[in-house]
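Understanding the architecture of this molecule
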Amino acid sequence: MKRNILYVLSLLIFSWILLIFFSFIIALIISQVSELKGILARIIDLFTGLAIFIVWLLIWYLVVKKSFYERIKKFMNKIEFLQIFMAY
Amino acid sequence: MQYFESALIFILFAFITFLFQRKWIQLMYKKGIVGKDIHKEGKPNVAEMGGIPLMVMISSFSFILFYLKPNYFDKYLVIISVALIVGIIGVIDDIKDLGGKLKPALTLLASIPILITGSFDPHPSFPFIPKTSLTIVYPFLIPISIAVTSNAVNMLNVVNGATPLLVIPILISLTVISLVSNKTTLIPLLVASIISLAVFFYYNKYPAKTFMGNCGDFFVGGLLGAIAIVYSLEFVILVSMLPFIMHGFFVISSVKNFLEKKQIKEKPVIIKNGLLYPSLKKESPLTLMRICLAEGPLKEKDIALIFLILSTVSSLLALFTYFLTQIKIL
């Protein structure tokens, strides 16, 4: 049971680190952009939330859906293979 | 004296909730409103719609507080209206199956009280960004947030005691955050919700005597979503609900559609000799429970314990995240 708990906990903490890391990156970008003047700065200021949402969705899609999810699937298959192997 | 009175009120509240829950379960058995507990050998019948007493008690408590101090508890009316709308959608779904697409679509409507009263601040906090400007997008995200939270709670109610064990740690962390962030008006509602869920857990723990039903799950999810928006705790609640989000994400991306639990033909787990095993079929959806079982078979109550640990960790992370949202970099 310990291994089961550690496995799902590592997934949870990994997701949290992803969230915080990308928030930090976005915060860095925003802090740089806010130094800009003109219409671009205004648009970004007005749509900060939208920008965060889109960037986060994009990262989520690329990192999690495309790669991380595939890794979980591979891991699951490996476990399934082990279970079948053990059954024999 | 004030604390003593409050404690007395909450003890009375717990006692009434306990009696109401017990009578309700008896009534459900008497009327034959029961469902099958699929994770047990022999699939015994269990009383359905056990979330109704929870809905009634939390709503009544909030309405009474609003009636007594309308200026102090003004936000309660909006929060409970949202939770009740999603709860009623859940009741309809319990009686007549609404399907996997109509149900989430209907929950979008629950955000109307927030939108009409304007009970939101379109400047949510993110870690290292204490204030963002989301004036245009925010109102459009409100209906989605309510639909996501209510359906997420409903999706992860897969074993006995899952919802109370997953939600109580979140509510406790929110109580701590309310104390440190001076949002004290939220505390009575949170304490009442914790008590109601603890009473419900007494009857829902393994082996369950009652199920929450969609009504209760939707109500609790709607409540969390509404609190997040009305009290500007969006990111904190997002982090505390990570187990729900992970589960929802795994299911939707593996099934590649919005399907009801009943519509999924291949079950993610199988039962053998009282133990739960992950399904070996590739068509089975990837769920949080299936991932919990990846390292070996477990008993149903062990899964509930893992859910509790996950929720406790995510709630602690939410608490830490709250402090990160107060930090501004550069």
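Residues numbered from 1 in each chain as written. Chains lettered and ligands numbered in written order. Predicted model: local features only at pLDDT ≥ 70, side-chain atom pairs only at ≥ 80, totals over all residues. Heavy atoms only, no water.

**Notes on the overall build of chain A**
- When helices and strands are counted, chain A shows 3 helices and 0 strands.
- When its helices and strands are written in sequence order, chain A yields α-α-α.
- Here chain A holds 88 residues, and the buried ones make up 35% of them. (Helix = DSSP H or I, 4+ residues; strand = E, 2+ residues; numbered from the N terminus. Buried < 20%, exposed > 50% of the residue type's maximum accessible area, 1.4 Å probe, protein only.)

**A short note on the confidence of the model for chain B**
- Overall, the predicted model of chain B reaches an average pLDDT of 88, with 96% of residues at or above 70.
- Interface confidence for the predicted complex, given as ipTM, is 0.80, next to a pTM of 0.86. (pLDDT = per-residue confidence, 0-100.)

**Let's talk about the packing of helix H7 (residues 162-180) of chain B against helix H9 (residues 213-230) of chain B**
All names here are of chain B.
- Contact pair H7 / H9: the axes reach a minimum separation of 12 Å and the direction vectors enclose 20 degrees. Between H7 and H9, the crossing angle belongs to the class labelled roughly parallel. Note on packing geometry: the crossing formed by H7 with H9 is left-handed. Of H9, the residues touching H7 (which contributes Thr163, Val167, Ile170, Leu171 and Leu174) are Asp217, Val220 and Leu224.
- Each residue belonging to the contact of H7 with H9 can be placed in one class, and the counts come to 6 nonpolar, 1 polar and 1 charged. (Axes fitted to C-alpha atoms, helices over the stretch in contact; angles between N-to-C directions. Parallel < 35°, antiparallel > 145°, perpendicular 65-115°, else oblique. Left-handed = near helix turned anticlockwise from the far one by under 90°. Contact = heavy atoms within 4.5 Å. Nonpolar A, V, L, I, M, F, W, Y, C, P; charged D, E, K, R; others polar.)

**A few points about helix H8 (residues 187-204) of chain B**
- For H8(B), spanning 18 residues, the distance from its first C-alpha to its last is 25 Å, which sits close to the expected 26 Å at 1.5 Å a residue.
- With respect to burial, H8(B) is a largely interior element, 14 of its 18 residues being buried. (Expected span 1.5 Å × (residues − 1).)

**Let's talk about the layout of surface pockets**
All names here are of chain B.
- Quantified by volume, the second largest pocket comes out at close to 930 Å³.
- Considering the residues around the second largest pocket, the lining is formed by 24 residues, among which Ser6, Phe10, Leu65, Phe73 and Pro188 are closest to the centre.
- Of all the secondary structure elements, the ones that give two or more residues to the lining of the second largest pocket are helix H1 (2-31), helix H2 (51-68) and H8.
- It is H1 that provides the largest number of residues to the lining of the second largest pocket, a total of 9 residues.
- For the lining of the second largest pocket, the per-class residue count stands at 17 nonpolar, 5 polar and 2 charged. (1 Å grid on protein atoms, 1.4 Å probe; cavity = no way out; pocket = protein on both sides within 12 Å on 5 of 7 lines; lining within 4 Å. Points joined across faces, edges and corners; volume = space filled by probe spheres on them.)

**A look at unusual backbone geometry**
Residue and element names in this part refer to chain B.
- The residue after Tyr206, namely Pro207, is reached through a cis peptide bond having omega -10 degrees.
- Even without being a glycine, Met49 presents a positive backbone phi close to 55 degrees.
- Looking at where Met49 falls in the secondary structure, it is placed in the loop between strand S2 (45-47) and H2.
- Given the relative accessible area of 11%, Met49 is considered buried.
- In this structure, Asn182 takes a positive phi of about 60 degrees despite not being glycine.

**Examining the side chain of B:Ser178**
All names here are of chain B.
- In this structure, Ser178 sits in helix H7.
- Within polar-contact distance, the side chain of Ser178 engages the backbone oxygen of Leu174 at 2.7 Å.
- Sequence-distant contacts of Ser178, defined by excluding residues within four places in its chain, comprise Lys183, Thr184, Leu186, Ile187 and Leu190. (Polar contact = N/O pair within 3.5 Å; in protein donor to acceptor, adjacent residues only side chain to side chain.)

**Section: the side chain of B:Thr287**
Residue and element names in this part refer to chain B.
- One can find Thr287 in the loop between strand S4 (275-278) and helix H12 (288-292).
- For Thr287, a relative accessible area of 8% puts it in the buried group.
- A distance of 3.1 Å separates the side chain of Thr287 from the backbone nitrogen of Arg290, its partner in a polar contact.
- Beyond its immediate sequence surroundings of up to four residues, Thr287 is in contact with His247, Val251 and Pro268.

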